[in-house]
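A look at the structure
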Amino acid sequence: MAAFHTGLTSVTFRQKSAAQIAALAAEAGLEGIEWGGDIHVPPGDTAAAASAARLTREAGLRVTSYGSYYHALPQEDFAPVLQSAAALGAPVVRIWAGDRPWEQLSEAERETLAASIRDDARDAAREGITLSFEYHRGTATQTRAGALALLEAVGEPNVRTYWQPNPDITQEEQLAEIGCLLPHLSHIHVFTWTGANVRHPLAEGEARWREYLSAIRRAGGSRFLLMEFVRDDSEADFLADAAVLRRWAEEENQKGESRP
């Protein structure tokens, strides 16, 4: 089984229609789409979800996940998110782990966040859906320690975490994050950024990404490498980046197949 499949987050092109995104992902030779909950598939809009699912199938692609903007905060309702994910046929719902780093939360706030996600995970399990944390600055999964602590506190088997590089930390720290998160790792958001979130062609990060992918491949299993944002929101840059990503995935998969 291939370790890596390739895909696109629809939020990469928020200005495009769902039909345009599906066509562009197919043109790029990618395999799937993570549909975002902010523009293309709003929570509770099951008609938009069903339409996106149909467009994805017609383009010969897979729905990889539903990229929600649900943070599991007390004022939020998970039910519309789950409704859209089910209508989309998404096996994974990406959620955000609160709105502050784990290290800044009180014990009571940690317990409240974990309890909310635990309840959501049980609801999702009844639909056969996995929840997966956005691995992001400004949330409880800002650090590997926070992510691991939250996963343990939630304690549900259908809760995992994405990973993406943090341009504010060193390569050594990035690899340490991956190593700690491997047993819980879901999909990967792929981009090449430097400090202050400056976007670069994906190929400029090849040396770093080769190390990431080699480490992730050792975890076994199958996951999507999801392109997220491109320089200048350019279609040409996207197509060039997609070709690079496909090459990386193919070469890493060949390494996995050749392993005794």
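Heads up: the structure comes first, above all this text.
This report concerns the structure included in the present document. (Residues numbered from 1 in each chain as written. Predicted model: local features only at pLDDT ≥ 70, side-chain atom pairs only at ≥ 80, totals over all residues. Heavy atoms only, no water.)

**Some details on the pattern of salt bridges**
What counts is decided by this rule: Here, a salt bridge means any side-chain nitrogen of Lys or Arg that lies within 4 Å of a carboxyl oxygen of Asp or Glu. The way it works is that DSSP assigns letters per residue, a run of H or I at least four long becomes a helix, a run of E at least two long becomes a strand, and they are numbered from the N terminus. Type-normalised accessible area, obtained with a 1.4 Å probe on protein chains alone, sets the label of each residue: buried when under 20%, exposed when over 50%, and partly exposed for intermediate values.
Across all of its chains, the model carries 18 salt bridges by this definition. Between arginine 122 and glutamate 156 there is a salt bridge; the shortest N-O distance is 3.0 Å. Here the residue arginine 122 occupies a position in helix H4 (residues 107–126), and glutamate 156 occupies one in the loop between helix H5 (144–154) and strand E6 (159–163), the gap between them amounting to 34 residues. A relative accessible area of 17% means that glutamate 156 is categorised as buried. Taking the shortest distance from any N to any O, the salt bridge between arginine 137 and aspartate 168 comes out at 2.8 Å. With arginine 137 in the loop between strand E5 (130–133) and H5 and aspartate 168 in the loop between E6 and helix H6 (171–181), the pair connects residues that are 31 residues apart, well separated along the chain.

**Some details on the packing of aromatic side chains**
Under the convention used in this document: For Phe, Tyr and Trp, where Trp contributes only its six-membered ring, two rings pair if their centres lie within 6.5 Å, and the inter-plane angle classes them as stacked under 30 degrees, edge-to-face over 60, or tilted in between. Counting as a charge over the ring demands two things of the Lys NZ or Arg CZ atom: a distance within 6 Å of the ring centre and an angle within 35 degrees of the ring normal.
Summed over all chains, the structure comprises nine aromatic pairs. Relative to tyrosine 212, the ring of tryptophan 163 has its centre 5.0 Å away and its plane inclined at 70°; by these criteria the two rings are edge-to-face. Highlighted residues: tryptophan 163 in strand E6 and tyrosine 212 in helix H7 (residues 206–217), separated in sequence by 49 residues. Ring pairing ties together the aromatic residues Trp163, Trp209, Tyr212 and Trp248, which thus form one cluster. The ring of phenylalanine 13 is capped by lysine 16, whose NZ or CZ atom sits 5.6 Å from the centre of that ring. Positioned above the aromatic ring of tyrosine 69, the side-chain terminus of arginine 94 is 4.7 Å from the ring centre.

**A look at the packing of H5 against H6**
Basically, it comes down to this: Each axis is a line fitted through C-alpha atoms, taken for helices only over the stretch in contact, and angles between the N-to-C directions span 0 to 180 degrees. Angles are sorted into four bins: roughly parallel if under 35 degrees, roughly antiparallel if over 145, roughly perpendicular if 65 to 115, and oblique for all others. If you view the pair so one helix is near and one far, a crossing is left-handed when the near helix is turned anticlockwise from the far one by less than a right angle, and right-handed when it is turned clockwise. Only heavy atoms matter for contacts: two residues are in contact if any of them lie within 4.5 Å across the pair. Nonpolar residues are Ala, Val, Leu, Ile, Met, Phe, Trp, Tyr, Cys and Pro. Charged residues are Asp, Glu, Lys and Arg, and all others, Gly as well, are polar.
Where H5 meets H6, the closest approach of the two axes is 10 Å, and the angle between their N-to-C directions is 15°. By the criterion of interaxial angle, the relationship of H5 to H6 is roughly parallel. Here the hand of the crossing between H5 and H6 comes out right-handed. Together, Arg144, Ala147 and Leu148 of H5 and Glu173, Ala176, Glu177, Cys180 and Leu181 of H6 make up the contact between the two elements. Grouping the constituent residues of the contact of H5 with H6 by class yields five nonpolar, no polar and three charged.

**Structural notes on the environment of glycine 221**
Residue placement: glycine 221 occurs in the loop between H7 and strand E10 (223–227). Along the primary structure glycine 221 and isoleucine 95 are separated by 126 residues, whereas in three dimensions their C-alpha atoms are 21 Å apart. Other than its neighbours up to four places away in sequence, glycine 221 contacts Ala2 and Ala3.

**Quick word on H7**
Going by this rule: The length a helix should cover is 1.5 Å for every residue beyond the first.
Look at H7: 16 Å from first C-alpha to last across twelve residues, which is about the 16 Å you get at 1.5 Å a residue. Within H7 the residues assigned to the buried category are Trp209, Arg210, Tyr212, Leu213, Ala215, Ile216 and Arg217.

**Here's the deal with unusual backbone geometry**
If you check the backbone angles, alanine 196 has positive phi at about 65° while not being a glycine. You can see alanine 196 is positioned in the loop between strand E8 (192–194) and strand E9 (198–200). Of note in the backbone geometry, phenylalanine 229 takes a positive phi value of approximately 75° without being a glycine. Mapped onto the elements of the fold, phenylalanine 229 is located in the loop between E10 and helix H8 (235–258). Using a relative accessible area of 16% as the deciding quantity, one classes phenylalanine 229 as buried.

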